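Examination of the molecular architecture
The primary structure of each chain is shown beneath.
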Amino acid sequence: MRLITKNEGETTALAAKIAAKLKGGEILALIGDLGAGKTTFTQGLAKALGVKGRVNSPTFTVMKLYKTKHQTIKNLVHIDAYRLSNSLDLEAIGWSDFHDPKSVVVIEWADKIIDILPKQTVWLKFAVKGANGRSITVKNFSPKPPAKTKHNQRVRQIKNR
Ligand SMILES: Nc1ncnc2c1ncn2[C@@H]1O[C@H](COP(=O)(O)OP(=O)(O)OP(=O)(O)O)[C@@H](O)[C@H]1O
Ligand SMILES: [Mg+2]
């Protein structure tokens, strides 16, 4: 599904629609240009899940966990992979401990760590279309999935560390 949002509010509204479909355990992988709306989308998601307070991009902290007010989703885990060199950096901070059925994990710049993301990851690709237009492609977008063998090798490598 690909659609164009015409302003920030429409991106927030789209995030709320997607939030309504979440049950917990999902990983949302956000990719696309600088300023394309990944954080805005995450803020919309957070608001819809009942997160209190401000959600900012965890560019320096890499990962932030927010408590929600949702029935089945207890935590929203916001990761910004922008400053990571690779997925081992993320493994080092123990992100996978938070990938559980009671959490939704949202990852900005997820293309940096594609090799450790499971097959069922939901991909959202953001692109700038003029001053306030943003194209958002959901789910069926999949940026070059790594070969399965490579993925398995990587997982083994991480587990053996
Ligand atoms: N349709 C739109 N949807 C979302 N944001 C929009 C839209 N139109 C304009 N904007 C503006 O674009 C900017 C999007 O910034 P945001 O931080 O969400 O992008 P980002 O993809 O997270 O960037 P970064 O790559 O730096 O993390 C905001 O300033 C927002 O107000
Ligand atoms: Mg951002």
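Moving on, we get to the packing of helix α1 (residues 8–19) against helix α2 (residues 38–49). A pair of packed helices is captured by two measures, namely the crossing angle of their axes and the spacing between those axes. Orientation of α1 relative to α2, taken along the N-to-C sense of each, is 50°, at an axis distance of 7 Å. On the basis of the axis angle, α1 is oblique to α2. Taken as a pair, α1 and α2 cross one another with a handedness that is right-handed. On α2, the residues touching Glu8, Thr11, Thr12, Leu14, Ala15, Ala16, Ile18 and Ala19 of α1 are Thr40, Phe41, Gly44, Leu45, Ala48 and Leu49.

As a further point, take the sheet that holds strand β4 (residues 75–80). Pairing in this open sheet of 7 strands is mixed, and the strands run β1-β7-β6-β2-β5-β4-β3 from one edge to the other. Edge positions in the sheet fall to β1 (2–5) and β3 (63–67), since each of these pairs with one other strand and no more. With strand direction ignored, the average angle separating the axes of adjacent strands in the sheet is 20°. Bridge count for β1 against strand β7 (residues 133–138) is 4 bridges, and the pairing is antiparallel. When the bridges of β7 are listed, isoleucine 4 appears paired with serine 135. The sheet contacts of α1 involve β1, β6 (122–129) and β7, and relative to β1 the element is tilted by about 140°.

Ranked by internal contacts, the top residues of the largest apolar core, which has 24 residues, are Leu28, Phe41, Leu45, Leu76 and Leu124. Sorting the residues of this core by element identifies α1, β2 (27–32), α2, β5 (103–108), β6 and β7 as the ones contributing at least two each. Apart from the residues lying within four places of it in its own chain, the contact partners of leucine 76 are Thr42, Leu45, Ala46, Leu49, Val51, Lys64, Leu65, Tyr66, Thr68, Val104 and Val106. Residues Val62, Val77, Ile113 and Ile116 belong to the second largest nonpolar core, which totals 20 residues.

Take the coordination of the magnesium ion (ligand 2) next. Each pair of donors in an ideal four-coordinate tetrahedral metal site encloses 109.5 degrees, whereas pairs in an ideal six-coordinate octahedral site enclose 90 or 180 degrees. The protein atoms that coordinate the magnesium ion (ligand 2) are Thr39 (OG1) and Glu108 (OE), at distances of 2.1 Å. Taken as a pair, threonine 39 in helix α2 and glutamate 108 in strand β5 lie far apart in primary sequence, 69 residues in all. Here threonine 39 matches glutamate 108 in class, with each residue buried.

So, how was this worked out
Per-chain numbering applies: the sequence of each chain, read as written, is numbered from 1 onward. Lettering for chains starts from A, numbering for ligands starts from 1, and both go in the order in which the items are written. This being a predicted model, a pLDDT of at least 70 is required before a residue's local features are given, and a value of 80 or more before pairs of side-chain atoms are given or counted; all residues contribute to the totals for chains, interfaces and linings. Values shown for side chains rest on all heavy atoms present in the structure; no hydrogens or waters enter the calculation. For helices, the fitted line uses only the C-alpha atoms of the stretch in contact; every axis is such a line through C-alpha atoms, and the angle between N-to-C directions lies from 0 to 180 degrees. Helix and strand assignments come from DSSP, with helices taken as H or I runs of at least 4 residues and strands as E runs of at least 2, each series counted from the N terminus. Note that the term roughly parallel is reserved for angles under 35 degrees, roughly antiparallel for angles over 145, roughly perpendicular for angles of 65 to 115, and oblique for everything else. Take the far helix as your reference; a near helix turned counterclockwise from it by less than a right angle gives a left-handed crossing, and one turned clockwise gives a right-handed crossing. Should any heavy atoms of two residues lie within 4.5 Å, those residues are counted as being in contact. For two strands to be treated as a pair, DSSP must find at least two bridges joining them. Throughout this description, the term nonpolar core refers to a set of buried Ala, Val, Leu, Ile, Met, Phe, Trp, Tyr and Cys residues connected via side-chain atoms within 4.5 Å. Three labels apply to residues, based on accessible area from a 1.4 Å probe with only protein chains included: buried if under 20% of the type maximum, exposed if over 50%, partly exposed otherwise in between. The rule for donors is simple: an N, O or S atom within 2.8 Å of the metal counts, and for Na, K and Ca the reach is 3.2 Å. Water is not among the atoms, so a site may look short of donors.

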